[in-house]
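A closer look at the structure
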Amino acid sequence: SLHSHFTLSPSTASVDIEGLRRQIEELASFSDAPGPAVTRVLYSDKDVLARRYIKSLMVQAGLLVREDAIGNIYGRWDGSEADLPPVASGSHIDAIPYSGKYDGVIGVLGAIEAINVLKRSGFQPKRSLEVIMFTSEEPTRFGISCIGSRLLAGSEELADALKQVVDGQNISFFEAARSAGYPIHQEDLSSVFLKKESYHSFVELHIEQGPILEEEGIPIGIVTAIAAPASISVDFEGNGGHAGAVLMPARNDAGLAAAELALAVEKHVLESGCIDTVGTVGVIELHPGAINSIPSKAHIEIDTRDIDEQRRNAVINKIRLSAIRIAENRGVTLSKFKIVNQDPPALSSSSITATMQDAARQLNLHSKPMISRAYHDSLFMARISPMGMIFIPCYKGYSHKPEEFASVEEITNGVKVLALTLAKLSLE
Ligand code: HGY
Ligand code: MN
Ligand code: MN
Ligand code: MN
């Protein structure tokens, strides 16, 4: 057909660079942290402002906007064969405390701009194109990652978990959703599940969150696999007491048990002998948190990942055994050892990665196949649709901190490859 040889050239692909720069700054202004840091937590007031802004950009791009029960936002451009499973692209805009302006944001603003690029170039889609902003990807508020995409992928386990989670202020998921304008009830959660053949393909544009592309001077990364993430929530409890009056032999210090477990996490990760195994203790909360009171309760949260699922699971088992041993040795109670998520890795679709390579080549951009050590909404979309990810370099690989940065030139390269990839997939 007329379109089968559609292409974009470095010159015809006109990206509104100034517009992207303005949008990134505007979105970053919806934050609960002083700039340049960004904090934007699921269903907070700033999240609601950001959602409104994204919907306005989708409308300006001529997309038909809809939202599902928990606030996954979809912008649709009907194709000539609109009843075929569409091609989708998207990411998230929620941001962990004191993080950056680009993680997730590039994949939402970039997908909307990719639509604008295709419209400016006169492209007519065969399969409809959909931009998806997932309701939350970060585990910040309820300790569960990828709530939007995990639910879309049909996780009954998540639907059950959401019925009883509360955040740090004891607000339930449903109260939080209602406060953000999503008046949902428990039975609504399964209405978010998507059937397997809902999408022909799903593609996400994201900063690398690692240093490789920048170090090697390569503008485009093509993700072949996404590492297997897991998170564990642990509580130790002891008698606490007066920091002066209780002598050392009489203590069962929950705080020291947590400290010992944190070091055990590092030990067990290093024991794997493989550079791809990682482990982090990003949260340690001591109660009552007074200098002269022996911690009577310690809450720690552990994140461990690997591209090899079995190797990662072996680390989790060692961590569990250490938690039990430490509790016994110190006479504290291991009152909670909960594996919050223990997800398999995801493989990208080889036909989508081939399409991305063709698109990059047509745009005279070098590309490099690589794995993603960060997880993404693509990890879950891969369960219901062929998936692919495009990486762009970010400054020194920094992410999840205010120094996170990607130049608009790098972003523009990513948007062009995304636009041409979406066009090719739409014509399949
Ligand atoms: O932690 C991650 O991998 C993602 O950036 N939330
Ligand atoms: Mn992130
Ligand atoms: Mn992200
Ligand atoms: Mn907690």
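Use the structure listed above.
Just so it is clear, the structure is predicted and the values come from calculations on it, not from any experiment.

Thresholds applied
- Residues numbered from 1 in each chain as written.
- Chains lettered and ligands numbered in written order.
- Predicted model: local features only at pLDDT ≥ 70, side-chain atom pairs only at ≥ 80, totals over all residues.
- Heavy atoms only, no water.
- 1 Å grid on protein atoms, 1.4 Å probe; cavity = no way out; pocket = protein on both sides within 12 Å on 5 of 7 lines; lining within 4 Å.
- Points joined across faces, edges and corners; volume = space filled by probe spheres on them.
- Helix = DSSP H or I, 4+ residues; strand = E, 2+ residues; numbered from the N terminus.
- Nonpolar A, V, L, I, M, F, W, Y, C, P; charged D, E, K, R; others polar.
- Expected span 1.5 Å × (residues − 1).
- Buried < 20%, exposed > 50% of the residue type's maximum accessible area, 1.4 Å probe, protein only.
- Arc of directions from axis to C-beta.
- Contact = heavy atoms within 4.5 Å.
- Donors = N, O, S within 2.8 Å, 3.2 Å for Na, K, Ca; no water.
- Pairing = 2+ DSSP bridges.
- Axes fitted to C-alpha atoms, helices over the stretch in contact; angles between N-to-C directions.
- Near = heavy atom within 4 Å.
- Polar contact = N/O pair within 3.5 Å; in protein donor to acceptor, adjacent residues only side chain to side chain.
- Areas by Shrake-Rupley, 256 points an atom, 1.4 Å probe, with all protein chains shown as cover.

Some thoughts on the layout of surface pockets
Computed from the structure, the second largest pocket encloses a volume of approximately 150 Å³. Along its surface, the second largest pocket is lined by 14 residues, and Arg66, Tyr74, Leu194, Ser198 and Tyr199 are the ones closest to its centre. Elements with a minimum of two residues in the lining of the second largest pocket: strand 2 (64-67) and strand 3 (73-77). Taken together, the residues of the lining of the second largest pocket sort by class into eight nonpolar, two polar and four charged.

Examining helix 10 (residues 350-362)
For helix 10, with 13 residues, the first-to-last C-alpha span of 18 Å sits near the 18 Å given by 1.5 Å per residue. Within helix 10, the full set of buried residues consists of Ile352, Thr353, Thr355, Met356, Ala359 and Ala360. Around the axis of helix 10, the buried residues are gathered within 155 degrees of arc, so they sit on the same side. The exposed set on the far side of helix 10, more than 90 degrees from its buried face, consists of Ser350 and Arg361. On its buried side, helix 10 packs onto strand 7 (201-207), strand 8 (220-226), strand 16 (367-372), strand 17 (387-392) and helix 12 (408-426). Note on helix 10: the residue one or two positions beyond its end, Asn364, has a positive phi of about 55 degrees.

What about the coordination of the manganese ion (ligand 4)?
Within the first shell, the manganese ion (ligand 4) binds the protein through His299 (NE2) and Glu301 (OE), at distances of 2.6 to 2.8 Å. The exposure class assigned to Glu301 is partly exposed, which follows from its relative accessible area of 31%.

Here we look at the sheet that holds strand 14 (residues 333-342)
Read from one edge to the other, the open sheet built from four strands follows the order 11-13-9-14, with strand pairing classed as antiparallel. Of all strands in the sheet, those with a lone pairing partner are strand 11 (278-287) and strand 14, marking the two edges. Adjacent strand axes in the sheet meet at a mean angle of 15 degrees when their direction is disregarded. Here strand 11 pairs with strand 13 (residues 297-306) via nine bridges, running antiparallel. The residue of strand 13 that forms the bridge with Ile284 is Ile300. Lying on the sheet, helix 8 (residues 254-271) is in contact with strand 9 (228-237), strand 11 and strand 13; it crosses strand 13 at an angle near 10 degrees.

As for the site of ligand 1
Taken together, the neighbourhood of ligand 1 is formed by Asp103, Glu137, Glu138, Gln209, Arg305, Ala374, Tyr375 and His400. Contact between ligand 1 and Glu137: a nitrogen atom at 3.0 Å from a side-chain N or O atom of the residue. Within the contact set of ligand 1, an oxygen atom lies 3.2 Å away from a side-chain nitrogen or oxygen of His400. Against a free-state accessible area of 210 Å², the protein chains account for coverage of 95% of ligand 1.

Thoughts on empty space enclosed by the protein
A full pass over the atoms with the stated rule returns one cavity of 30 Å³ or more. Every residue lining the largest cavity is listed: Val87, Ala88, Ser89, Ala111, Ile115, Leu129, Glu130, Val131 and Leu422. For the lining of the largest cavity, the secondary structure elements donating two or more residues are strand 4 (87-92), helix 3 (105-120) and strand 6 (129-134). Residues that form the lining of the largest cavity fall into these classes: seven nonpolar, one polar and one charged.

Read these as spatial facts, not as claims about activity.
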